[in-house]
Amino acid sequence: MATYYDIPVGAQHISLLEPLHFKLTTENEKIVDVEANVGYVHRGIEKACTTKFKFRQVSFVIGRICGLCSISHTTAYSQVAEKLLNLEIPLRAKYLRILVLELDRIHSHMLCLSHVAENSGFEALFMRTMKDREISMELLEAVCGNRVQYDYSIVGGVARDLRPEVAQMILTRLKELRPKIDDLIDIFQNNWSLSLKNKGIGAISFEDAMRLNAVGPLARAAGVPVDVRNDTEDLLPWKQVGFEMVLENGGDVHARNMVRLRELLVSMKIIENVIQGLPEGPIVAETKALPEGEAVVRLEAPRGELFHYAKGNKTQYLERLKVKAPTFSNIPAFVEMFKGNEYASAPAIIASYDPCLSCTAR
Amino acid sequence: MKRIDLPLDKVVEEIGKFYRYDEHHFIVINAVDLGDAIEVQWFFSNYVAPGEVTMFAAKADASQLIPSITRVVPSAWVAEAELVDLMGINIENAKKGFVLEEDFEGAPLRKK
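Predicted model only: the values in this text are computed from it and were never measured. (Residues numbered from 1 in each chain as written. Chains lettered and ligands numbered in written order. Predicted model: local features only at pLDDT ≥ 70, side-chain atom pairs only at ≥ 80, totals over all residues. Heavy atoms only, no water.)

Student: Before we move on, could you go through the overall build of chain B and cite the residues and values that matter?
Tutor: If you tally the helices and strands in chain B, you get two helices and six strands. Element order for chain B, N to C, with α for helix and β for strand: β-α-β-β-β-β-α-β. By principal-axis analysis of the C-alpha atoms, chain B measures approximately 45 × 25 × 25 Å. Considering chain B as a whole, with its 112 residues, one finds that 53% of them fall into the buried category. Looking at chain B as shown, the accessible area adds up to about 5100 Å², and 48% of this sits on carbon and sulfur atoms. Placing the 12 positive and 19 negative side-chain charges of chain B at their respective mean positions leaves the two points 5 Å apart. (Helix = DSSP H or I, 4+ residues; strand = E, 2+ residues; numbered from the N terminus. Buried < 20%, exposed > 50% of the residue type's maximum accessible area, 1.4 Å probe, protein only. Areas by Shrake-Rupley, 256 points an atom, 1.4 Å probe, with all protein chains shown as cover. Lys, Arg positive; Asp, Glu negative; His and termini not counted. Charge placed at Lys NZ, Arg CZ, Asp CG, Glu CD.)

In structure tokens:
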């Protein structure tokens with residue numbers, strides 16, 4: 001007769017960067033069931049955005065949901081507010097939003113990759129990836145003035161223009177980053193010890209990823225063609241700047257690594273195209289209108305589909321603001337990913353999921 | 001966004017007729033406190049028609065039992081659990097304590 005053990009992982013655990021808790025039920029070393037609890041860091045941000053702050057101030061508050069992908073939240077919120085205001089923003093502002101979204105994706109993907117390496121026991125690769133990631137952090141600081149919490153997208157456009165010397169700096173530093181990414185791809189693809197921890201581990205099938213409505217790199221690693229950048233040309237000109245969807249088929253930790261690595265190359269190409277094709281013109285559209293009606297926006301954050309719903313009532317304060325983070329959507333798929341794997345694989349699986357609880361619990 | 005208003009008792013049936021997991025992507029469930037009622041909203045996007053978002057909406061009394069759509073959309077359990085905690089509504093088979101502590105009293109997103 002099988003013996004089952006319940007092993008708690010989190011809310012504070014050496015392999016977890018985020019405050020979430022799993023109860024892993026194991027049969028000897030094999031995980032057979034999982035319970036997840038994400039209820040540790042609810043901060044009442046949605047409520048604050050409808051009671052404490054006027055709708056123009058909300059784009060600064062909403063960025064505080066997350067340090068890693070604050071540009072995704074501020075951009076999605078700005079877009080949904082612009083829909084309520086019936087406001088079209090200048091093309092230059094759209095290009096600049098894409099620039100920062102893609103720089104942010106580079107730093108976020110590299111952070112995830114470094115933690116997968118760390119949780120797979122490859123400390124040197126963790127440090128190397130974090131060191132290479134520093135280039136994207138420096139570029140974000142040069143463009144936005146901050147390494148995190150950029151406050152770059154605002155209702156009507158963006159907060160800062162791109163100076164020519166910063167544009168040149170971005171192109172130069174990306175050239176410096178490119179061979180480093182190629183080296184990382186080679187290591188993540190071919191390193192034997194890493195392959196033992198990543199290949200065939202934490203796999204989810206195409207069928208399960210579809211059935212459980214997975215999003216982001218987790219879904220694309222299982223071959224599900226879901227990337228909101230493909231669906232939202234009306235909001236940002238993704239195809240004009242060279243967006244291409246990256247898909248893998250394995251659905252395991254390795255496939256998720258490869259999706260993120262290949263997406264780094266796509267992001268770098270998009271950034272170069274943005275800078276080379278940056279249109280002249282203003283960066284903000286002004287309006288004195290007040291938000292009215294209801295609207296939704298989907299945006300591809302580094303972890304997948306970010307969703308904002310807003311309802312306005314023609315006052316300075318919104319009636320309702322709802323934020324759905326990609327990590328939240330991926331919880332059902334994530335729970336399935338654990339099952340059938342050895343307990344020792346749990347840290348690498350968790351890191352490859354790239355959870356963000358400050359987004360999820362808000 | 002395409003909006004479909006429904007009576008509460010038709011929600012599961014109509015979403016069941018609409019939803020195909022290889023065609024539609026379930027996004028989330030939202031709720032809005034209208035003062036005298038709660039409006040519950042179920043959001044879906046479409047893999048076949050990119051950019052299209054469909055919202056099913058139904059009004060309910062705050063104390064009314066909201067039917068669960070997990071029998072047609074299995075992954076909806078997280079969104080239902082979140083609403084139980086934050087909006088203080090009752091959803092069939094959804095427990096408290098997923099986003100907030102189990103013994104937390106009140107519903108942060110309700111107006112009163």
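Student: How would you explain the layout of surface pockets if you had to name every residue and give the values?
Tutor: Here the largest pocket defines a volume of roughly 750 Å³. Listed by contribution, the elements that provide at least two residues to the lining of the largest pocket are β2 (21-27), β3 (30-37) and α11 (326-338) of chain A together with α2 (77-87) of chain B. The dominant element in the lining of the largest pocket, judged by the number of residues it contributes, is β3 of chain A, at four residues. The residue inventory of the lining of the largest pocket, partitioned by class, reads 12 nonpolar, seven polar and 10 charged. Forming the boundary of the second largest pocket are 16 residues, of which Leu16, Leu17, His115, Ala351 and Pro355 of chain A lie nearest the centre. Only α4 (91-119) and α12 (346-353) of chain A provide two or more residues apiece to the lining of the second largest pocket. (1 Å grid on protein atoms, 1.4 Å probe; cavity = no way out; pocket = protein on both sides within 12 Å on 5 of 7 lines; lining within 4 Å. Points joined across faces, edges and corners; volume = space filled by probe spheres on them. Nonpolar A, V, L, I, M, F, W, Y, C, P; charged D, E, K, R; others polar.)

Student: Tell me about the pairing of strand β8 (residues 320-324) of chain A, and please be specific about residues and values.
Tutor: Residue and element names in this part refer to chain A. In terms of residue burial, β8 counts as a mostly covered element, since five of its five residues are buried. Burial of β8 is two-sided: the residues Arg320, Lys322 and Lys324 facing one way and the residues Leu321 and Val323 facing the other way are all buried. Taken together, the five bridges between strand β7 (residues 304-313) and β8 define a ladder with antiparallel strand orientation. Across the sheet, residue Tyr309 finds its bridge partner in β8, namely Lys322. Counted between consecutive antiparallel strands, the loop separating β7 from β8 contains six residues, among which Lys314 sits at a positive phi close to 65°. (Pairing = 2+ DSSP bridges.)

Student: Give me the interface of chain A and chain B: which residues, what numbers.
Tutor: At the interface, 36 residues of chain A touch 41 residues of chain B. Here chain A and chain B share an interface that buries about 3200 Å² over both sides, 60% of which is from carbon and sulfur atoms. Counting across the chain A and chain B interface gives three salt bridges. Here Glu82 of chain B and Lys322 of chain A are joined by a salt bridge, their closest N and O atoms 2.6 Å apart. There are 13 residue pairs in polar contact (both at pLDDT 80 or more) connecting chain A and chain B. Secondary structure elements with two or more residues in the side of chain A that touches chain B: β3, α1 (45-51), α8 (206-211), β6 (292-301), β7, β8, α11 and α13 (357-361) of chain A. (Contact = heavy atoms within 4.5 Å. Buried area = accessible area lost by both parts, 1.4 Å probe. Salt bridge = Lys/Arg side-chain N within 4 Å of Asp/Glu carboxyl O. Polar contact = N/O pair within 3.5 Å; in protein donor to acceptor, adjacent residues only side chain to side chain.)

Student: Describe in detail a negative patch on the surface, supporting the description with residues and values.
Tutor: Together, Glu101, Glu102, Asp103 and Glu105 of chain B give the surface a local cluster of negative charge. Examined against the element boundaries, Asp103 of chain B turns out to sit in the segment after β6 (90-91). (Patch = residues over 30% accessible without salt bridge, like charges linked within 9 Å, V, L, I, M, F, W, Y side chains within 5 Å.)

Student: Break down the sheet that holds strand β1 (residues 2-5) of chain B for me, with residues and values.
Tutor: Residue and element names in this part refer to chain B. Reading across from one edge, β1-β4-β3-β2 is the order of the four strands in this open sheet, with mixed pairing throughout. The outermost strands of the open sheet, each flanked by one partner alone, are β1 and β2 (24-33). Going from strand to strand, the sheet's axes swing by 20° on average, the running direction of each strand aside. Where α2 meets the sheet, its contacts fall on β2 and β3 (38-46), and the angle it forms with β2 comes to roughly 10°. (Axes fitted to C-alpha atoms, helices over the stretch in contact; angles between N-to-C directions.)

Student: Can you tell me about the pattern of salt bridges, naming the residues and giving the values?
Tutor: Think of it this way: side chains of opposite charge can pair up when their charged atoms draw near. Applying the stated criterion to the full structure yields 37 salt bridges over all chains. The salt bridge partner of Asp161 of chain A is Arg92 of chain A, with a shortest N-O separation of 3.0 Å. Remark: Arg92 of chain A occurs in helix α4 and Asp161 of chain A occurs in the loop between β5 (157-158) and α6 (164-190); sequence separation between them is 69 residues. On the accessibility criterion, Asp161 of chain A (38% relative accessible area) is partly exposed. Glu14 of chain B is the partner of Lys17 of chain B in a salt bridge, and the nearest nitrogen-oxygen pair spans 3.3 Å. Of this pair, Lys17 of chain B and Glu14 of chain B both sit in helix α1 (residues 11-18), three residues apart, which is roughly one turn of the helix. The exposure class assigned to Glu14 of chain B is partly exposed, which follows from its relative accessible area of 25%.

Student: So what about the sheet that holds β3 of chain A? Which residues, and what values?
Tutor: All names here are of chain A. Judged by pairing direction, the sheet is antiparallel, and its three strands sit side by side in the order β1-β2-β3 without closing on themselves. Because the sheet does not close on itself, it has two edges, and the strands there are β1 (4-9) and β3. For this sheet, the mean inter-axis angle between neighbouring strands, taken without regard to orientation, is 20°. In terms of strand pairing, β1 meets β2 through six bridges, oriented antiparallel. Across the sheet, residue Tyr4 finds its bridge partner in β2, namely Glu27.

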